[in-house]
Amino acid sequence: MKRLEIDTSPGTGRPLLLVALVVASLVITTVWYREGSNGPLHGARRVVLAIGTPFAAAGSWLTTPLRAATGLVSDSAVSRKEYLAIKKQNDQLKARLATLEEAKLENERIRELVKFADAQDYKTIGARVIGRPTDSWERSIVVGRGTNDGVKLGAAVIAAGGLVGQVIEVTATSAKVRLITDAGSGVAVIVQRTRGEGVVRGSVEGKLTLDFVAKDKVPVKGDVLVTSGMGGAYPKGVVVGEVTDVTAPQADLFPKVSATSRVAIDRIEEVLVLIGLAPDEQAGAAE
Amino acid sequence: MNRAFVTGLALLAAVVLQVAIAPQIAVFGVVPNLVFLVVVTMALLEGPVAGSVAGFVGGLLFDLLGASVVGPYALVFCLVGYLAGLIHANMFAEGWLLPVSVVFIAGLGAEVAYGVIMAVLDLGLPFWSALVRIMLPGAVYNTVLAVLLYPIMTRVLRQDRTVKSFRRLA
């Protein structure tokens, strides 16, 4: 039997070309770090985002029936009795019911959002999630609002349960949002009960950890974390999540605190983008 | 049709599908990498030069799709394209085991290399968590898709050559 051998004879590859491409990649990475948000590579990413938005929206739209069907199947599995009761209904009625049900759920979610926004006193705009992460390493979403709607780079994004993330790229009609569960995300927070300050970070698993909180202000399970407003990236007082586990080894400088978001971030379908502070808060900020 | 043109079209199609479809078929947060599949297929069919160029272009586009730093995927994919291309001369067109094995090894290698680069850039994640949650599942998912898509991609990308069963391509 003939053995498989890798052909590495001269001429099969061009090491110089490979070296040139590797160098080009390194140069691109360096330029990305050095240039500002208006640099050519950031601009190219915005162009790709703008071009990709309709495709992302189309993909989301195309798979909506699939998601609805999955939901229908799982609902049927939950209640066999209910399934038998509605079995006699004709297809048209069932389809209409599904449509109405979807509209009702959406309505409820939006009502929750509006109620939450009113309570928080922020100037917000509702946005639909039209794109999900294209890469396993990151946790980000694309929403169907952009500069045309008043969305700005760095704007905070919230949902009924609290903070969702921050706008990191924006085009005229869409914006990319880094979720707080992304490993590269960091949110300055304060423990509501102990007033201890810290930073909430995301992780590979999509869980949250609270770092740098002082040992004399260690939270306990169930404590609520809210944004501290430090650094100005997020407005103060937005709920980020709640503490799920605390261990404080004596040898460690800071306790290890796990937290979870109140928002089902991976399945979120609508969000609110903060496009400014309410008039009274603006006055406060100016003082 | 010009091969470079077909390759460019295939990469563009992969990028569009990566935006539109890949996020919708993610399993437990693991998103399949269709651009990577095209790059490896190109490398296996055309050799290291085409593989590295396709890897660089595809990787750069993939970088631009994401939210993190631009450049690492261009680097990783051009290296993967080059290395996978080195066994192009030993490829059998209809054999499925070798390409699928290459996709798995290259996929895992690419994910590990990307993790290392992110660590160097101080954007790294805990290695074992990333290995279990992202690298291995991603490599397996891409391999499963390769079993389904590799025959189709080879037909699209190599229309110019009639391939008999188990004959050497090169």
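The structure presented is a predicted model; accordingly, all values stated were derived computationally and were not measured.

(A) Just the overall build of chain B, in detail. Along its length, chain B carries six helices and zero strands. Of the regular secondary structure in chain B, the N- to C-terminal order runs α-α-α-α-α-α. Within chain B, the fraction of its 170 residues that count as buried is 53%.

(B) Representation of the pairing of strand E10 (residues 239–247) of chain A. Residue and element names in this part refer to chain A. Pairing between strand E9 (residues 224–227) and E10: three bridges, direction antiparallel. Looking across to E10, one finds that Val226 is bridged to Val239. Bridge analysis of E10 against strand E11 (residues 256–260) gives five bridges, and the strand direction is antiparallel. Among the inter-strand pairings, Thr247 is bridged to a residue of E11, identified as Lys256.

(C) Expanded view of unusual backbone geometry. The backbone of Arg195(A) sits at a positive phi, close to 65 degrees, despite the residue not being glycine. Summarising the element assignment, Arg195(A) is placed in the loop between strand E6 (186–191) and strand E7 (197–201). The exposed category is assigned to Arg195(A), around which 10 C-beta atoms lie within 10 Å. Of note, Phe28(B) is a non-glycine position whose phi angle comes to about 50 degrees, a positive value. Positionally, Phe28(B) belongs in the loop between helix H1 (3–20) and helix H2 (34–46). Residue Phe28(B) is classed as exposed on the basis of its 10 C-beta neighbours within 10 Å.

(D) Main features of the interface of chain A and chain B. At the interface, 44 residues of chain A touch 43 residues of chain B. Sorting the residues of the side of chain A that touches chain B by element identifies helix H1 (15–34), helix H2 (40–62) and strand E5 (175–179) of chain A as the ones contributing at least two each. Residue composition of the side of chain A that touches chain B, by class: 20 nonpolar, 14 polar and 10 charged.

(E) Examining helix H6 (residues 127–157) of chain B more closely. Between the first and last C-alpha of H6(B) there are merely 36 Å, a value that for 31 residues lags more than 12% behind the 45 Å anticipated at 1.5 Å per step. A maximum bend of about 50 degrees is found in H6(B) at Leu149(B), where proline Pro151(B) lies one to four positions downstream.

(F) Examining the pairing of strand E2 (residues 140–143) of chain A more closely. Residues and elements named next belong to chain A. The side-chain alternation of E2 yields two buried faces, one formed by Ser140 and Val142 and the other by Ile141 and Val143. Bridge analysis of strand E1 (residues 122–131) against E2 gives two bridges, and the strand direction is antiparallel. The residue bridging Gly131 from the neighbouring strand is Val142, located in E2. Here E2 runs beside E5; their pairing, made up of four bridges, is antiparallel. Bridge pairing in E5 links Ser140 to Arg178.

(G) Up close: the environment of Ala67(B). Inspection of the secondary structure puts Ala67(B) in the loop between helix H3 (48–65) and helix H4 (72–85). Once the C-alpha coordinates of Ala67(B) and Ile87(B) are considered, the two residues, 20 residues apart in sequence, prove to be 33 Å apart. Discounting residues that sit within four places of it in the chain, Ala67(B) has contacts with Glu138(A), Ser140(A), Ile168(A), Lys176(A) and Arg178(A).

(H) Inspection of the packing of helix H5 (residues 97–120) of chain B against H6(B) at higher detail. Residues and elements named next belong to chain B. At their nearest, the axes of H5 and H6 sit 8 Å apart, and the two run at 150 degrees to each other. Between H5 and H6, the angle is such that the two are roughly antiparallel. With respect to the hand of their crossing, H5 and H6 are arranged in right-handed fashion. Counted together, Pro99, Val100, Val103, Phe104, Gly107, Leu108, Glu111, Val112 and Gly115 of H5 and Phe127, Ala130, Ile134, Met135, Leu136, Gly138, Ala139, Asn142, Thr143, Ala146, Val147 and Tyr150 of H6 form the full contact between these two elements. When the residues that make up the contact of H5 with H6 are grouped by side-chain class, the tally is 15 nonpolar, five polar and one charged.

(I) Layout of the sheet that holds E10(A). Residue and element names in this part refer to chain A. Within the closed barrel, the six strands sit side by side as E6-E7-E8-E11-E10-E9. Their pairing is antiparallel. Going from strand to strand, the sheet's axes swing by 40 degrees on average, the running direction of each strand aside. When E7 meets strand E8 (residues 208–211), the two strands line up antiparallel, connected through three bridges. For Val199, the partnering residue across the bridge sits in E8 and is Asp211.

(J) Focus on the nonpolar core. Grouped together as the largest cluster of nonpolar side chains are 104 residues, with contacts concentrated most on Val164(A), Val271(A) and Val40(B). Discounting residues that sit within four places of it in the chain, Val271(A) has contacts with Ala127(A), Val129(A), Val143(A), Val157(A), Ile158(A), Ala159(A) and Val164(A). By size, the runner-up hydrophobic cluster in this structure holds eight residues, among which are Trp137(A), Val204(A), Ile134(B) and Ala139(B).

(K) A look at H2(B). Taking 1.5 Å of rise per residue, 13 residues should cover 18 Å, and H2(B) covers 18 Å from first to last C-alpha, within 8% of that figure. With its phi angle positive at about 105 degrees, Gly47(B) sits one or two positions after the end of H2(B).

(L) Quick look at the environment of Gly36(A). Residues and elements named next belong to chain A. Here Gly36 shows up in the loop between H1 and H2. Of the residues examined, Gly36 has 6 C-beta atoms within 10 Å and is grouped as exposed. It is 19 Å that separates the C-alpha atoms of Gly36 and Gly231, two residues lying 195 residues apart in sequence.

Rules behind the numbers
- Residues numbered from 1 in each chain as written.
- Chains lettered and ligands numbered in written order.
- Predicted model: local features only at pLDDT ≥ 70, side-chain atom pairs only at ≥ 80, totals over all residues.
- Helix = DSSP H or I, 4+ residues; strand = E, 2+ residues; numbered from the N terminus.
- Buried ≥ 20, exposed ≤ 12 C-beta atoms within 10 Å, placed from the backbone.
- Pairing = 2+ DSSP bridges.
- Contact = placed C-beta atoms within 7 Å.
- Nonpolar A, V, L, I, M, F, W, Y, C, P; charged D, E, K, R; others polar.
- Expected span 1.5 Å × (residues − 1).
- Bend = angle between axes of the 7 residues up to and from the residue.
- Axes fitted to C-alpha atoms, helices over the stretch in contact; angles between N-to-C directions.
- Parallel < 35°, antiparallel > 145°, perpendicular 65-115°, else oblique.
- Left-handed = near helix turned anticlockwise from the far one by under 90°.
- Core = buried A, V, L, I, M, F, W, Y, C linked by C-beta atoms within 7 Å.

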